[in-house]
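Now for the letters of each chain:
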Amino acid sequence: MGFLDTLSGRTKPVQPKLDDLFALPSAAITLQAATGFTPTGSGSVCFRAVEGKTFSDIQAEVRELLNMDAGKPGGGLPVEVTKDSYGFTWLVSSHMSDETDALVTDLHAVNSALVDNGFGPQLLCTLVAFRDEQERRLALVYLYKRGTFYPFAPTSGQRRDNALELQVKNVLADDLKIEQDLAKWFPVWGAPGL
Amino acid sequence: MARTRYAPDRGLTVRMTATMFLLGLVFVAFVALLIGIMTAAHASGAAIVLVALIFGGGTAVISLFYSDKIALASAGAREVSPQEAPELHGMVDRLCALADMDKPRVAIAPADMPNAFATGRNSKNSVLVVTEGILRRLEPDELEGVLAHELSHVAHKDVQVMTYASLLAIVAGLLIRFAFYSELFGGGRRSNNQNAFPIILAIMAVSVVVYAISFLLIRLLSRYRELAADRSGALLTGQPSSLASALQKVSNGMARIPTQDLRAAEPLNAFYFAPAMKLTGGGRSLSALFSTHPSLDKRLEQLAKIQQQLGQVGPPR
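Numbers given to residues run from 1 along each chain, matching the order in which its sequence is written. Note on labels: chains are lettered from A, ligands numbered from 1, in written order. Restriction of local features to residues with pLDDT of at least 70 applies here, the model being predicted, together with a cutoff of 80 or more for giving and counting side-chain atom pairs; totals for whole chains, interfaces and linings are based on all residues.

Visitor: Can you walk me through the overall build of chain B in this structure?
Guide: Per the convention used, a helix needs a DSSP run of H or I reaching at least four residues, while a strand needs a run of E reaching at least two, with both numbered from the N terminus. Helix and strand counts for chain B stand at twelve helices and four strands. Counts of 20 or more other C-beta atoms within 10 Å of a residue's own C-beta define buried residues, counts of 12 or fewer define exposed ones, and intermediate counts define partly exposed ones; C-beta atoms are placed from the backbone. Expressed as a percentage of its 317 residues, the buried residues of chain B come to 44%.

Visitor: What's the story with the interface of chain A and chain B in this structure? I'm lost.
Guide: Often, the extent of an interface is quoted as the loss of accessible area upon association of its parts. Between chain A and chain B, the contact holds 35 residues from the first and 43 residues from the second. Counting residues per element, the ones that place at least two in the side of chain A that touches chain B are α1 (3-7), α3 (53-67) and β4 (123-131) of chain A. Think of it this way: build a C-beta for each residue from its backbone, and any pair within 7 Å is a contact.

Visitor: Teacher, can you tell me more about the sheet that holds strand β4 (residues 127-131) of chain B here?
Guide: Residues and elements named next belong to chain B. One requirement defines pairing of two strands: DSSP has to find at least two bridges between them. Taken in spatial order, the four strands of this open sheet run β1-β2-β4-β3, and their pairing is mixed. Across the chains shown, the open sheet's two edge strands, defined by having one partner strand only, are β1 (78-79) and β3 (116-119). When β3 meets β4, the two strands line up antiparallel, connected through four bridges. In the strand pairing of β4, A116 is matched with V130.

Visitor: Would you explain helix α1 (residues 10-39) of chain B in this entry?
Guide: Each α-helix turn comprises 3.6 residues. Residues three or four places apart therefore point the same way. Expected helix span is given by 1.5 Å per residue-to-residue step, counting one fewer step than there are residues. Taking 1.5 Å of rise per residue, the 30 residues of α1(B) would be expected to cover 44 Å, and the 43 Å separating its terminal C-alpha atoms lies within 8% of that figure. For α1(B), every residue scored as buried is listed here: B:M16, B:T19, B:L23, B:F30 and B:L34.

Visitor: I tried to follow unusual backbone geometry on my own but got confused; where do I start?
Guide: Note: most residues except glycine have negative phi, and most peptide bonds are trans. Unlike most non-glycine residues, A:E135 shows phi in positive territory, near 65°. By secondary structure assignment, the location of A:E135 is in the loop between β4 and β5 (137-143). Unusually for a residue other than glycine, B:K157 sits at a positive phi of about 55°. Position of B:K157 among the secondary structure elements: in the loop between α6 (140-155) and α7 (158-185). By C-beta crowding, B:K157 is classed as buried, having 22 other C-beta atoms within 10 Å.

Visitor: I keep staring at the sheet that holds strand β2 (residues 80-83) of chain A and nothing clicks. Help me out?
Guide: As a general point, the strands of a sheet are linked pairwise by backbone hydrogen bonds and lie either parallel or antiparallel. All names here are of chain A. Taken in spatial order, the six strands line up as β2-β3-β1-β4-β5-β6 in an open sheet, and their pairing is antiparallel. A strand with exactly one partner marks an edge of an open sheet, and here the two such strands are β2 and β6 (148-152). Taking each pair of neighbouring strands and ignoring which way they run, the sheet shows an average axis angle of 25°. Where helix α5 (residues 162-171) meets the sheet, its contacts fall on β5 and β6, and the angle it forms with β6 comes to roughly 145°. Axes, fitted as lines to C-alpha atoms, cover a helix only where it is in contact. Angles between the N-to-C directions of the axes lie from 0 to 180 degrees.

Visitor: Would you mind showing me how to read the packing of helix α2 (residues 24-35) of chain A against helix α4 (residues 100-116) of chain A here?
Guide: The description of two helices packed together rests on the angle between their axes and the distance between the axes. Residue and element names in this part refer to chain A. In the contact formed by α2 and α4, the axes pass within 9 Å of each other and the chain directions differ by 140°. Put simply, α2 runs oblique to α4. Viewed along their axes, α2 and α4 form a crossing whose handedness is right-handed. Facing L24, P25 and A28 of α2, the residues of α4 in contact are T100, D101 and V104. Residues are grouped as follows: Ala, Val, Leu, Ile, Met, Phe, Trp, Tyr, Cys and Pro are nonpolar; Asp, Glu, Lys and Arg are charged; all remaining types, including Gly, are polar. Looking at the contact of α2 with α4, its residues break down into four nonpolar, one polar and one charged. In what follows, roughly perpendicular refers to angles from 65 to 115 degrees, roughly parallel to angles under 35, roughly antiparallel to angles over 145, and oblique to any angle outside these ranges. Each helix crossing is assigned a hand: it is left-handed if the near helix lies turned anticlockwise from the far helix by less than a right angle, otherwise right-handed if that turn is clockwise.

Visitor: Looking at this structure, I do not really get the confidence of the model for chain A. What am I missing?
Guide: It should be kept in mind that the predicted coordinates are not to be read in detail where pLDDT is low. pLDDT is defined as a per-residue confidence score from the predictor, taking values between 0 and 100. Of the residues in chain A, 95% reach a pLDDT of 70 or more, and the chain-wide mean stands at 88. Across chain A, the secondary-structure element scoring lowest on mean pLDDT is α1(A), at 69, and the one scoring highest is β6(A), at 95.

Visitor: What's the story with the environment of A:P25 in this structure? I'm lost.
Guide: Residues and elements named next belong to chain A. By the secondary structure assignment, P25 is in helix α2. By C-beta crowding, P25 is classed as partly exposed, having 18 other C-beta atoms within 10 Å. Separated by 14 residues in sequence, P25 and P39 place their C-alpha atoms 9.5 Å apart. Apart from the residues within four sequence positions on either side, P25 is in contact with T100, D101 and V104.

Visitor: How should the packing of helix α4 (residues 86-99) of chain B against α6(B) be read in this particular structure?
Guide: Residues and elements named next belong to chain B. Packing of α4 against α6 brings their axes to within 10 Å, and their N-to-C directions diverge by 50°. By the angle between their directions, the pair α4 and α6 is classed as oblique. Handedness of the α4/α6 crossing: right-handed. Every residue of α6 that contacts α4 at M91, V92, L95, C96 and A99 is listed here: L143, E144, L147, A148, L151 and A155. When the residues that make up the contact of α4 with α6 are grouped by side-chain class, the tally is ten nonpolar, no polar and one charged.

What follows is the structure in structure tokens.
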């Protein structure tokens, strides 16, 4: 925030950065080679819905758009919409585990629909889920406002496997823009699709 | 660049800038008058002004650097870890990620009064305090609105802005006192210095006027900062109605609180979500002039406007 904005008590809503999301498919391959974690095929977009009909209309449109291909080869399952206990909305898109490209395209469709309608600042994060053979869970979380990724590995209860997260951070350092400020790796407990 | 629905409120910005300009003008006039008086004066007058400046400046710097600790201590608040208050922390985490700002520390104050405040000179050193009363009374959506309002205060660096703005009033207030005491105790030496008496009297008179004007301007500025925080908070969550309903609940709750609690909370008033102390007597317009917070009606009116803005079909260009 600039000096003038501080003086006038004005925060400009932060616009999301969308492009870096497309680095995910190649990062998924690197991750699999180095750690054995494979994509589950499901991913989600999390945003804070704005009150009023305008926003819910847009949300319904996006859902319809994504469901058009559902059931066709490469089209994945119909999207699920859930609201978490914090009031944030999650659109979950499910594909086959080898369709990371199609998944990212789906997620991007949600982003661009919100941005095109002027609701870009409402986007919080996007999450792509991974598993390994021991059924350990891992998510790569993309922070829209910073354009960076961080790993999130929940274990039982509200605990996270920090060692695994740091390992993944180092593995993906060349593929993704990793969030360097560890304080911003906020946990998304119970995120749908994880 | 994407089109945005989040147009800034130009009117508010203009009014706020005008207020700050006036404060600056008063400051310049004050300094000019003091210099003018002192060119005719001797050591006694100059010393008083110097001491007041050092004292006032020192107080401001200390309160700025320790504002978070002072506020925590005087509210009896305790910092809580994410394990102790997972929901509260989760809410703050998400709002900070939405706004792309550093997360402040989070504390809970064991008071039944429903309120919240944020303090600290920058976002790294800030602490966001909520009372147990507000946690109990508000729905999650409403609490989120309150937190977004407080985070906007942090983002706007309101503690810094208000401290600098109050500096003038602090110095002027000290000068009044010093001049008064030096008049009281320095009387015997007056025969040595024929000029000292009118000079000290002049300093005192100027200080009184400056103090009065800057006091009103600071209150006005504080009200604008509150409106700005309401606005940014509502835009951040996209739920102006939740913030409005929180405001109503908190304001109604305030009226029921016993006086003792209210007085204990009064020094922190400027940073609270809703004013903890209502001025009694003096008529409606007068209390509006002295208030650190805008009236509930005014705040609700602004939120209704934002609601309309967010609901427009097709974003404004």
